[in-house]
Amino acid sequence: MSGYKEEINTVVKFLGDRIPSNIEEMFIRLSGISKKDFFIVEAHETGTVAGVDGSNANILDAGFLALSAFRAVVSLFNENQRIKRGMTPIKFNFIGSGEYNDDFPKLFNECFGKDPGTRLSNADPYKVNSVVRDTLEYFVSLETLKTLEKEALLLIDGAFHVEHKSLDPIIEELFFRAEEKEINICAVTKRCEVTWGDGYPLIPAVMRAAEKFNMKAPWWIKIDDDWISGRRTPEWKKGSIFITLLHSCAKSALKVELPRYYGNERICKVMQKLAAVSCDGRIPGYPFPLFDAHRACAIKREVASDIRNRIIEGMTKRGIQHRDFKAVWEDIHDEFNHY
Amino acid sequence: MMNLTITETIDTAKFRLIGKSVLTYRFIIPHDATLFVGDILKIVDSKKGYTFYAKVTDLLHESNFNDPNWDTRVYSENFFELGDDVFLGVEAVPLGFVDETGEFRKPGTVPTKFSRVERPVKEDFFFLSRVMGDIEVGTMKTGQGTYTDVKVAIPSEVLSSHMGIFATTGSGKSNFMKVFLSSCIPVRKFGILLVDPHGDYVTGNPKDAGSKGLVQLRSNTEGIAFFTTGDEERRKRYSMQRLYISYEDFSIYDLTLHYELSSTQFDIIETLSEFHPTDVIKFFQNTSFKGWKPESYEGGYTQIADRLRNYQESTLNVMQRRIQTIVSSQKGFFDETRSSVKEIIEALHENKVVLIDMPFMSEKSELFALSILSRKILRDHQERVSGKGRKAGEYQVMIAIEEAQRVLSPGSSTKIFRECAMEGRKFGVGLCVITQQPKNIDPKILAQINTYVVMGLSDKADRDIVETSAKQDLSKMDVEIQTLERGDAIISTLQIPFPISTRVHYFEDYIDHVKETLKSEKNEERIETF
């Protein structure tokens, strides 16, 4: 058995291998890109930009049954001033011991007025949370589209890549409604999971290549699907991938997605607006409307605690003893944390 | 159906009381809101039906962000919707509250959480008019502005408990004194004596052509009297009386004002204190101490000579020189027989403002005159109180001492001023202690002062001593005291429930108002006489 030091060394080697020192050269070789594939973004007035984000928080977890809370928010900005915020109520979802999630069809119906068509498996709680959160985000996005006018930009946190078949037609409808009103839509990822080659991360490779070509932010580059490795469910993938560095002080480039049918001129317009809303001194390089939506949306510890207390209060009124509640829901780690 | 609720964007967190205790209030305001230290705000407690008042003592940049250093690593000049989480924290000191009956009470409770914080209007200060005094000095100041309808007036009744005016050079203390003195004239509740060594108070600052003096009120009132050491032309021009202080008014102890005395010299003073001062002066003027032998003395003051038999020739020569110097340096007003002291005291007892004009006289002459006059006033009052059928406080006199640290410092206070400060109140004698170095005033004397007029004080030690000595807590107003502008003052006195920030009237403008007041009073008198 290897010791602690060896374990660390193994981890360091593994991680180091993911970002080799010549990663940009490797990426340039694989992709065949040159400086002309990078586009400089010109400053542009922002007009109307809406940011949609969703969040979830674990409320109770008994192993055999977990309860999570969800909500989604839109923040609408015009010329970098917030016009309004819209918020869904907090919704709950149980992940029980049954094979399929019972709450998802109800939520789907509530959001879109129809049955999801495909059931959602409880096998992967992470995926359940992700699908439920996306459901609320798409609902908010569709509602927001109704209020936006031509030339507005709708930013959605995440990717145009659904994780459940039921959401595939929803995203199609989202694209359709946006096209109908000549509104641009764009998905922005907080954390880029996309890799290339033998599993190398995309962002550092592109950033290093941009540096090599002496690119000055803001810039963007389109990523060809063929360069990407480890693609899941490609049939549910609706967007083209771009990497963009939106501000000279940005700590990192972002992965954004645009509908596949956007031409170069439209892409440039979207990127110009993205850069124009990504110059806040606190988080340069990240679109502020999304940051604003994220802050409003996040179900923080005190909100989760309030939800738990209300549940306990309700159960007490129904005659369920607190001792029994604790026996089921309280994690012994909570006790451990006292010491 | 799922719905998307538009959330309220009105900011309900700002201008709501969120803390802290009975003695400290706290609330937040937008990060770009304009508020000043010294601003008075009202806190409307609709639950209890009280209106609280508080004065802003500090403003702090604060935020809700987790990272306390977020603002030291910003990357661009753009900040969108910063006001959501970035704000100004406001610290305020409670002044008191108006209860449901309209009575103003000291802060003995806290406003209900989230009570609304508002800017008061002039009507909110109606309660103050009931507690304000009768000697108007200015208007109430709030931060950078003033409530011109809220007059600040010091109650004349509290002035026998002494007043302190603490101000550095250029902060407007001469202007304050001129306004104060001119407001005393129509009120006529007490006499006030001020020695003016530079003519500022009498005729205005000679270096400033626009400056006016109290002499301008001469024709409007009999409530002011001027005595001068100036020349004939000045005396006639301003209708002033000539100031005389006679040898008889002198006390041999007055030598201590002018000289540091050795213990032997002080012994001589003690010895000579039982003789008439005129005799002492004349003895020293007419005696040669060369080869001093008291038994061979042939002058008219044998008793004095006899008492000085044990002293050395050299010591007596020093004493002689000093007495002669005093006589010669004060020759403009120090006279063998003539004295204005009686007239001055009479004028003071008629509750007049008495200005002693001493242009071109030395600082020593000023102190010489002031100490003699102060002693005569105090003794007069003491005798009246000890006399049969006399009441304490029959007459009230205030004596103003400029640069008071010269005579009221710890350890070396001049006896007569110290006596006035410690015991004067019993006899109707109050001091107006004017100094730019309060730290150099004996704390025991500061503790006797009940009315504090604090103008700009840049020295921390000066501020500390004033803040801790005042009868009302001024310590939370330290930032305001530091940032007071010229002509602004914080006035703390017993009858007014909290320290009032004041924009002192500008004398050159205010004098016309005083003239009008005096004119209308004269008219009223005529009607009554008729």
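Rules used in this analysis
Residues numbered from 1 in each chain as written. Chains lettered and ligands numbered in written order. Predicted model: local features only at pLDDT ≥ 70, side-chain atom pairs only at ≥ 80, totals over all residues. Heavy atoms only, no water. Helix = DSSP H or I, 4+ residues; strand = E, 2+ residues; numbered from the N terminus. Rg over C-alpha atoms; globule rule 2.2 N^0.38 Å. Buried < 20%, exposed > 50% of the residue type's maximum accessible area, 1.4 Å probe, protein only. Contact = heavy atoms within 4.5 Å. Areas by Shrake-Rupley, 256 points an atom, 1.4 Å probe, with all protein chains shown as cover. Lys, Arg positive; Asp, Glu negative; His and termini not counted. Charge placed at Lys NZ, Arg CZ, Asp CG, Glu CD. Salt bridge = Lys/Arg side-chain N within 4 Å of Asp/Glu carboxyl O. Pairing = 2+ DSSP bridges. Axes fitted to C-alpha atoms, helices over the stretch in contact; angles between N-to-C directions. Disulfide = S-S within 2.5 Å. Patch = residues over 30% accessible without salt bridge, like charges linked within 9 Å, V, L, I, M, F, W, Y side chains within 5 Å. Core = buried A, V, L, I, M, F, W, Y, C linked by side-chain atoms within 4.5 Å. Polar contact = N/O pair within 3.5 Å; in protein donor to acceptor, adjacent residues only side chain to side chain. Nonpolar A, V, L, I, M, F, W, Y, C, P; charged D, E, K, R; others polar.

S.K.: Outline the overall build of chain A, listing residues and values.
M.R.: Looking only at helices and strands, one finds 11 helices and 13 strands in chain A. Here the C-alpha atoms of chain A give a radius of gyration of 22 Å, agreeing with the 20 Å that 2.2 N^0.38 yields for 339 residues. The buried share among the 339 residues of chain A stands at 50%. In chain A, of all internal contacts separated by at least 6 residues, the share reaching a separation of at least 24 is 71%. Here chain A displays about 17000 Å² of accessible surface, and carbon together with sulfur accounts for 52% of that area. When the 47 positive and 49 negative side-chain charges of chain A are each reduced to one mean point, those points stand 2 Å apart.

S.K.: Any details on the pattern of salt bridges? Residues and values, ideally.
M.R.: Throughout the structure, instances matching the rule amount to 59 salt bridges over all chains. For Arg-282 of chain A, the salt bridge is made with Asp-280 of chain A, and the minimal N-O distance between the two is 2.9 Å. Exposure remark for Arg-282 of chain A: the relative accessible area of 13% places this residue in the buried category. Residues Lys-189 of chain B and Asp-134 of chain B are paired through a salt bridge, measuring 3.0 Å at the closest nitrogen-oxygen approach. Residue Lys-189 of chain B is found in the loop between helix H2 (173-187) and strand E12 (191-196), and its partner Asp-134 of chain B is found in the loop between helix H1 (126-131) and strand E9 (135-142); the two are separated by 55 residues along the sequence. Judged by its relative accessible area of 26%, Asp-134 of chain B is partly exposed. It is possible to trace a salt-bridge network through shared partners that takes in Arg-82, Arg-85 and Asp-292 of chain A together with Glu-81 and Asp-84 of chain B.

S.K.: How would you sum up the sheet that holds strand E11 (residues 163-166) of chain B? Please name residues and give values.
M.R.: Working definition: the strands of a sheet are paired by backbone hydrogen bonds and lie parallel or antiparallel to each other. All names here are of chain B. The strand order E10-E9-E22-E21-E20-E11-E19-E18-E12-E17-E13-E14 describes an open sheet built from 12 strands, whose pairing is mixed. Across the chains shown, the open sheet's two edge strands, defined by having one partner strand only, are strand E10 (145-154) and strand E14 (241-242). Summarising the sheet, E12 and strand E17 (residues 353-357) pair through five bridges and their orientation is parallel. Bridge assignment links Leu-194 to a residue of E17, and that residue is Leu-355. On the sheet, H2 packs against E9, E10, E11, E12, strand E13 (224-228), E17, strand E18 (397-401), strand E19 (429-435), strand E20 (451-454), strand E21 (488-492) and strand E22 (500-504) and is oriented at approximately 130° with respect to E9. Contacts from helix H11 (residues 363-386) reach E12, E17, E18 and E19, with the element oriented near 160° to E18.

S.K.: Explain the state of the cysteines residue by residue, including any values.
M.R.: A complete count under the given rule lists zero disulfides over all chains for this structure. Cys-186 of chain A forms no disulfide, and the closest cysteine sulfur to it belongs to Cys-268 of chain A, at a distance of 13 Å. Cys-420 of chain B takes part in no disulfide bond, and the closest cysteine sulfur, belonging to Cys-432 of chain B, lies 13 Å away.

S.K.: Got a sec to walk through a nonpolar patch on the surface? Specific residues and values, please.
M.R.: Residues and elements named next belong to chain A. Residues Tyr-4, Ile-8 and Val-12 make up a contiguous nonpolar surface patch of roughly 350 Å² in combined accessible area. As for its placement among the helices and strands, Tyr-4 is situated in helix H1 (residues 4-18). According to the relative accessible area criterion, Tyr-4 is exposed, its value standing at 70%.

S.K.: Got a sec to walk through the nonpolar core? Specific residues and values, please.
M.R.: By size, the foremost hydrophobic cluster in this structure holds 79 residues, and its most contacted members are Leu-193, Leu-308, Ile-356 and Leu-408 of chain B. If one sorts the elements of this core by residue count, H11 of chain B sits on top with eight residues. Counting 65 residues, the second largest nonpolar core, distinct from the first, contains Leu-120, Val-132, Ala-187 and Trp-236 of chain A.

S.K.: How would you explain unusual backbone geometry if you had to name every residue and give the values?
M.R.: Working note: non-glycine residues mostly have negative phi, and peptide bonds are mostly trans. In this chain, Ala-217 of chain A is followed by Pro-218 of chain A through a cis amide linkage whose omega measures 0°. With respect to the helices and strands, the residue Pro-218 of chain A is situated in the loop between helix H6 (202-212) and strand E10 (219-223). Positioned with a positive phi, Arg-188 of chain B is a non-glycine residue whose angle comes to about 50°. Along the chain, the position of Arg-188 of chain B falls in the loop between H2 and E12. With a phi close to 45°, Glu-403 of chain B is a non-glycine residue in the positive phi region. Secondary-structure assignment places Glu-403 of chain B in the loop between E18 and helix H12 (415-423).

S.K.: Give a detailed account of the sheet that holds strand E9 (residues 200-201) of chain A, specifying residues and quantitative values.
M.R.: Residue and element names in this part refer to chain A. A sheet is described by the order of its strands in space; here three strands give the open sequence E9-E8-E11, paired in antiparallel fashion. Unpaired on one side and paired on the other, E9 and strand E11 (228-229) mark the two borders of the sheet. Examined bridge by bridge, strand E8 (residues 195-196) and E11 share two bridges and lie antiparallel to one another. Note that in E11 the partner of Trp-196 across the bridge is Ile-228.

S.K.: So what's going on with the interface of chain B and chain A? Which residues, and what values?
M.R.: Each partner contributes to the interface: chain B provides 21 residues, whereas chain A provides 33 residues. Counting across the interface, chain B meets chain A through four salt bridges. The shortest N-O distance in the salt bridge between Asp-84 of chain B and Arg-85 of chain A comes to 3.6 Å. Between chain B and chain A we count nine residue pairs in polar contact (both at pLDDT 80 or more) in total. Grouping the constituent residues of the side of chain B that touches chain A by class yields 11 nonpolar, six polar and four charged. One ladder, built from three bridges, connects strand E4 (residues 81-87) of chain A with strand E1 (residues 5-7) of chain B; its direction is antiparallel.

S.K.: Which residues make up helix H14 (residues 460-469) of chain B, and what values go with them?
M.R.: Those residues of H14 of chain B that sit buried are Asp-462, Arg-463, Val-466, Glu-467 and Ser-469 of chain B. Buried-residue contacts for H14 of chain B involve E11, helix H13 (443-446), E20 and helix H15 (478-482) of chain B.

S.K.: Any details on a negative patch on the surface? Residues and values, ideally.
M.R.: Residues Asp-61, Asp-331, Asp-334 and Glu-335 of chain A make up a contiguous surface patch of negative charge. Tracing the backbone shows Asp-334 of chain A in helix H11 (residues 332-336).

S.K.: An account of the side chain of Ser-156 of chain B is needed here, citing residue identities and associated values.
M.R.: Residue and element names in this part refer to chain B. Tracing the backbone shows Ser-156 in the loop between E10 and E11. For Ser-156, a relative accessible area of 8% corresponds to the buried category. Engagement of the side chain of Ser-156 in a polar contact is seen with the side chain of Glu-157, the distance being 3.2 Å. Setting aside residues up to four positions removed in sequence, Ser-156 forms contacts with Asp-134, Ile-135, Lys-189 and Phe-190.

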